[in-house]
Structure formats: structure tokens, C-alpha cells
Amino acid sequence: MMTFDEMAVGQLLPPLQLPPISRSTLALFAGASGDHNPIHIDLDFARSAGMPDVFAHGMLSMAWLGRLLTNWVPQQRLRSFEARFVSITHLQNAVTCTGHVVEKLEVDGERRVRVSIQSANQYGESKVLGEAVIAL
């Protein structure tokens, strides 16, 4: 882990590459999160809603961004974490989470960095965009 002084704007976080999303992944996340919305696990329901198939929970993608951050720094260093869902993450999308430092700052004597984070599928289509502030 780099120190605040060693960190530079533009510094990349180690990417998080995930396997293609499967129905099993969605079922396991539904059970773990308690989010059993049928649009994510019931093909007939998804089709009746006009979708070609089920698709990933937005919070699953946000959880992966959280893992990107906590693979980089311990969780207790997170000061803020927010995300915006920009498009649907479909079955068989192989998601990669990435991030980079966009600002170095000091708040109440604590040295921090602001990072821009995103998840995208194998076609480079952004799925979730966000940012986090990390104490270093």
C-alpha cells in the first residue's frame, strides 16, 4: 500500500476481474442479500416485464466495487462510497471493476484520496459509476 506522499493523481487501483454472471450467482446473491425481486431470478417474470432474461441486482455490482476498494485498502479507511447505476448488467457479462485516484486532499488533518470507480462488461460498457474517499 502506498503512502499519501507516494500516491499520485491518476494512480490506478488493481482491477477486479469477475467471472461471467450466471443464474447461480444471482440466486446466491438473492439469498445472501435478502433481495428476492423476481426480475433477477425468475425468467418468466422478467419476460412478462419486457426483458429478454433476468439480470444482475444493482447492489451486486456495487458490492463488487466495494470489493475493489477493500482489496486495495482496509475497510476502516473508507470515508465515503457512492455509486450510480447507469445500465443493466446482463447474464454472461464478465464484469471488471476499475478505479483511479482523482484528488488528494486533507480533511480535519486526515490525509485522503478521492477515487473514481466503475464496473464495465467485457464490451467496455459502463454499468456502475461511483466514487469513494479513502483515508491514507
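Predicted model, so just to flag it, every value in this text is computed and none were measured.

Quick notes on the rules
Per chain, the residues get numbers from 1 upward, laid out in the order the sequence is written. Since the coordinates come from a predicted model, pLDDT governs what is reported: local features require at least 70, and pairs of side-chain atoms require 80 or more to be given and counted, while whole-chain, interface and lining totals use all residues. By convention in this description, side-chain values take in all heavy atoms of the structure and omit both hydrogens and water. By definition, any uninterrupted DSSP run of H or I lasting at least four residues is a helix, any uninterrupted run of E lasting at least two residues is a strand, and each is numbered from the N terminus. Note on exposure labels: buried denotes an accessible area under 20% of the residue type's maximum, exposed denotes more than 50%, and partly exposed covers the range between, all computed with a 1.4 Å probe on protein chains only. Working rule for contacts: check all heavy atoms of both residues, and any pair within 4.5 Å makes them a contact. Residue burial considers only the protein chains on display, and all accessible areas are found by Shrake-Rupley using a 1.4 Å probe. Paired strands, in this sense, are two strands between which DSSP finds at least two bridges. Geometry of aromatic contacts follows a simple scheme: Phe, Tyr and Trp rings, the Trp one being its six-membered ring, pair when their centres are within 6.5 Å, and the pair is stacked under 30 degrees between planes, edge-to-face over 60, tilted otherwise. Any Lys NZ or Arg CZ that is within 6 Å of a ring centre and within 35 degrees of that ring's normal is treated as a charge sitting over the ring. Axis lines are fitted to C-alpha atoms, over the contacting stretch for helices. Their N-to-C directions set the angle, which ranges from 0 to 180 degrees. Angle categories: roughly parallel below 35 degrees, roughly antiparallel above 145, roughly perpendicular from 65 to 115, and oblique for all the rest.

A.B. asks: An account of the overall build of the protein chain is requested, with residue identities and associated values reported.
C.D. replies: Each helix and strand counted, the protein chain has 3 helices and 5 strands in total. Mapped from its N terminus to its C terminus, the protein chain presents α and β elements in the order β-α-α-α-β-β-β-β. Oriented by its inertia axes, the alpha-carbon framework of the protein chain measures out at about 55 × 30 × 20 Å. Looking at the 136 residues of the protein chain, the share that counts as buried comes to 37%. Here the analysis covers contacts within the protein chain between residues at least 6 apart in sequence; of these, 64% occur between residues at least 24 apart. By element, 52% of the accessible surface of the protein chain is carried by carbon and sulfur atoms, the whole surface being about 7300 Å².

A.B. asks: Could you give me a rundown of the pairing of strand β3 (residues 96-107), with the residues and numbers involved?
C.D. replies: Alignment of strand β1 (residues 16-17) against β3, held across 2 bridges, turns out to be antiparallel. Each residue of the ladder has a partner; that of L16, found in β3, is C97. Bridge count for β3 against strand β4 (residues 110-120) is 11 bridges, and the pairing is antiparallel. Directly across from V107, in β4, lies its bridge partner E110. Counting the residues that bridge the hairpin from β3 to β4 gives 2 residues, and of these D108 lies at a positive phi of roughly 50°.

A.B. asks: Provide a residue-level description of the packing of aromatic side chains, including the pertinent values.
C.D. replies: Taken as a whole and judged by the stated rule, the model has 0 aromatic pairs. Taking NZ or CZ as reference, K104 lies 4.6 Å from the ring centre of F4, over its face.

A.B. asks: Before we move on, could you go through the packing of helix α1 (residues 23-33) against helix α3 (residues 58-72) and cite the residues and values that matter?
C.D. replies: Contact pair α1 / α3: the axes reach a minimum separation of 10 Å and the direction vectors enclose 90°. Looking at the two axes, α1 sits roughly perpendicular to α3. Residues T25, L26 and F29 of α1 pack against M59, L60 and W64 of α3.

A.B. asks: Go over the environment of L18 with me, naming the residues and quoting the values.
C.D. replies: With respect to the secondary-structure elements, L18 resides in the loop between β1 and α1. By relative accessible area, L18 is classed as buried at 7%. On a C-alpha basis, the gap between L18 and S119 in space is 10 Å, while along the polypeptide they are 101 residues apart. Once residues within four sequence positions are removed from consideration, L18 is found in contact with W64, R67, A94, V95 and C97.

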